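Breakdown of the fold
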Amino acid sequence: MNKILKEKIMEAFLSVLPITVIVILISIVLVPIPTGTLMLFLGGAALLIIGMGFFSLGVDMAMIPMGEGIGVQMTKSSRLFLIILVGFAMGIMITVAEPSLMVLAHQISAIPYFFIIFTVAVGVGFYLVLAILRTLFRIRFSTLLIISYLVCFILAYFNPDIFIPVGFESGSVVTGPIAVPFVLAIGLGLASVRSDKGSVEDSFGLVALVLVGPVISMLLLGIFYEPASMDMGLMLVREVDTSQDVAGAFTSVLPGQLREVSMAMGVILFCFLLLQLKSRRYSRHQLRRILIGFIYTLIGLVVFLTGVNVGFIPVGQLLGSELAASTFGWVLIPLGGLIGYFIVAAEPAVHVLTKQVEEISGGAITTKMMYRGLAIGMGVAVALAMMRILFGIQLLWIIIPGYLFALALSFFVPKIFTAVAFDSGAVCTGPMSATFLLPIAMGVADGSGRDLMLFAIGIVTIVAMTPPVIIQLMGLFHQLKVSHAASAMVEVDRILDFNEIIILREER
């Protein structure tokens, strides 16, 4: 176990290293960062590495087996009402304590905090049920997506401009490190009891559909609530002078993160134990391994979120604000693309998805292929988000063409690429996006004199939009390559057959 944990931590180190080097180089060349703030960033990076190592190991040991078990048991039930009830309850439970959602909800002053959490949770629960029913009844994934996003765009038309970014952002932030591994595993469990041709494709797509639910529910809330204005201020940057101040900044946040993560994970553990008491699915040895993995996941998430919230927020905010206010603010566009390209490897849920995709596709979609596609998508997304803030472009002018193009591609690529592509967009919008890219966007908006609610909010939505386009384009290229190879083989066979006819004639 120690050897595996060391390997996971080394993988995390290699993932976090590029973004750490980029920030240090920026602090030397472009934006001088106070020593105390830089120490917070380096401490946060160290905690990120440790947290990601524990989290990855814990997901393999606990979250995936737990989710698969719940998915299999739900499929075995012959009572549709029970499946709907359990799915809806699970959707609410994995949403109410998602850390990224809490960050967003605290920023919306016009609507009560708990009302936002409840609205988003209901949206997740409803669409998780819809995603489960899609798998059970073999409904075409792209059809549901097209209908859902058309509903989103129609509702956006009737919303105040100030609320549209919040509505779309609410869907992106719920697909965090707690929800994604669990929902992915439920999909795997649901599809595992089927042996038909479409079971592999149907094991993906749940996370993508879960992302749409909160968007619809929040846009409905915006229509009825009609918030005229909403305020959002920059987050306070901690002032630290000594190494003790740095340590104190992390330790002061640690108890709160432990409480929040424990609440979210505790709900999932409670549901799992109820399942175990009813089904006796797991042996004593398996149960012990899952509980140990659960503890690893808990430790990993607490350490990871502590590092991100304390170490990365102030640096992101400072970099964005200083660069936007400078004479070379244009550098934010290529710099945003570079940061986005490398930051995707630091998202915990990305590791879970890429591994499952390679295993389930039988190596047809490799981890390397997925990482490259997600990195390109993330880079394009952050560059677009920086351009949007600097030039004051409305969010809908970017996401409507983007999603229409992504949905159009779904008619031309293999089904598995469409499901994986939209899931990829969801998993890229984890805690790194919410607590590092969002502060950068807030700093850029403040430095360029833009409204924070209208232009900073929305960066996570753009991040969720670009991977579906990039991954499906990869799928289209893969399909064309396979078709070309098949055509070449047919042509070779025809030539061989022609040569055989000539040889036979000569022999005669």
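Throughout what follows, the structure given in this document is the object of discussion. (Residues numbered from 1 in each chain as written. Predicted model: local features only at pLDDT ≥ 70, side-chain atom pairs only at ≥ 80, totals over all residues. Heavy atoms only, no water.)

Observations concerning the packing of aromatic side chains
Let me state the cut-off plainly: Ring geometry is summarised as follows: Phe, Tyr and Trp rings, the Trp one being its six-membered ring, pair when their centres sit within 6.5 Å, and such pairs are stacked at plane angles under 30 degrees, edge-to-face over 60 and tilted between the two. Helix and strand definitions here come from DSSP, where helices need a minimum of 4 consecutive H or I residues and strands a minimum of 2 consecutive E residues; each element is numbered from the N-terminal end. Each residue's exposure class comes from its accessible area (1.4 Å probe, protein chains only) as a fraction of the maximum for that residue type: buried when under 20%, exposed when over 50%, partly exposed otherwise. Placement of a charge over a ring requires the Lys NZ or Arg CZ to be within 6 Å of the ring centre, with the centre-to-atom vector within 35 degrees of the ring normal.
Per the stated rule, a full pass over the model turns up 9 aromatic pairs. Considering the side-chain rings of Phe 41 and Phe 312, the 4.7 Å spacing of their centres and the 45° angle between planes classify their relative orientation as tilted. Within this pair, whereas Phe 41 is found in helix 2 (residues 35-76), its partner Phe 312 is found in helix 12 (residues 284-325), the two being separated by 271 residues in sequence. One exposure class covers both Phe 41 and Phe 312, and it is buried. In this structure, Arg 450 is placed above the aromatic ring of Phe 455, and the distance from its NZ or CZ to the ring centre is 5.8 Å.

Focus on helix 6 (residues 141-157)
Counted only if it meets this: Expected helix span is given by 1.5 Å per residue-to-residue step, counting one fewer step than there are residues. By arc we mean the arc of the directions from the helix axis to the C-beta atoms, nothing more. We call two residues in contact when some of their heavy atoms are within 4.5 Å.
With 17 residues, helix 6 extends 25 Å from end C-alpha to end C-alpha; this agrees with the ideal 24 Å at 1.5 Å per step. Every buried residue of helix 6 is listed here: Phe 141, Ser 142, Leu 144, Leu 145, Ser 148, Tyr 149, Cys 152, Phe 153, Leu 155 and Ala 156. Each buried residue of helix 6 lies within a common arc of 160° when the element is viewed along its axis, so the set occupies one face. The exposed residues of helix 6 that point more than 90 degrees off its buried face are Ile 147, Ile 154 and Tyr 157. Looking at the buried positions of helix 6, the neighbouring elements they touch are helix 5 (113-137), helix 7 (164-173), helix 10 (206-225), helix 16 (396-409) and helix 17 (415-427).

Looking at empty space enclosed by the protein
To be explicit about the condition: Here a cavity means grid points, on a 1 Å grid over the protein atoms only, where a 1.4 Å probe fits yet cannot get out; a pocket means an open set of points with protein on both sides within 12 Å along at least five of seven lines; lining residues are those with an atom within 4 Å of a point. Grid points are joined across faces, edges and corners, and a volume is the space filled by probe spheres set on the points. Under the scheme applied, nonpolar residues are Ala, Val, Leu, Ile, Met, Phe, Trp, Tyr, Cys and Pro; charged residues are Asp, Glu, Lys and Arg; polar residues are all the others, including Gly.
Within this structure, the stated rule accounts for 3 cavities of 30 Å³ or more. In terms of lining residues, the largest cavity is bounded by Leu 319, Gly 320, Leu 323, Leu 332, Leu 335, Gly 336, Ile 339, Val 382, Met 386, Leu 437 and Ile 440. Contributions of two or more residues to the lining of the largest cavity are made by helix 12, helix 13 (332-343), helix 15 (367-391) and helix 18 (431-447). When residues in the lining of the largest cavity are grouped by element, the largest group, 4 residues, is from helix 13. Leu 145, Tyr 149, Ala 208, Leu 211, Tyr 403, Phe 422, Gly 425, Ala 426, Ala 464 and Pro 468 together form the lining of the second largest cavity. Secondary structure elements with two or more residues in the lining of the second largest cavity: helix 6, helix 10, helix 17 and helix 20 (459-507). The element that contributes the greatest number of residues to the lining of the second largest cavity is helix 17, accounting for 3 residues. Per-class residue counts for the lining of the second largest cavity are 9 nonpolar, 1 polar and no charged.

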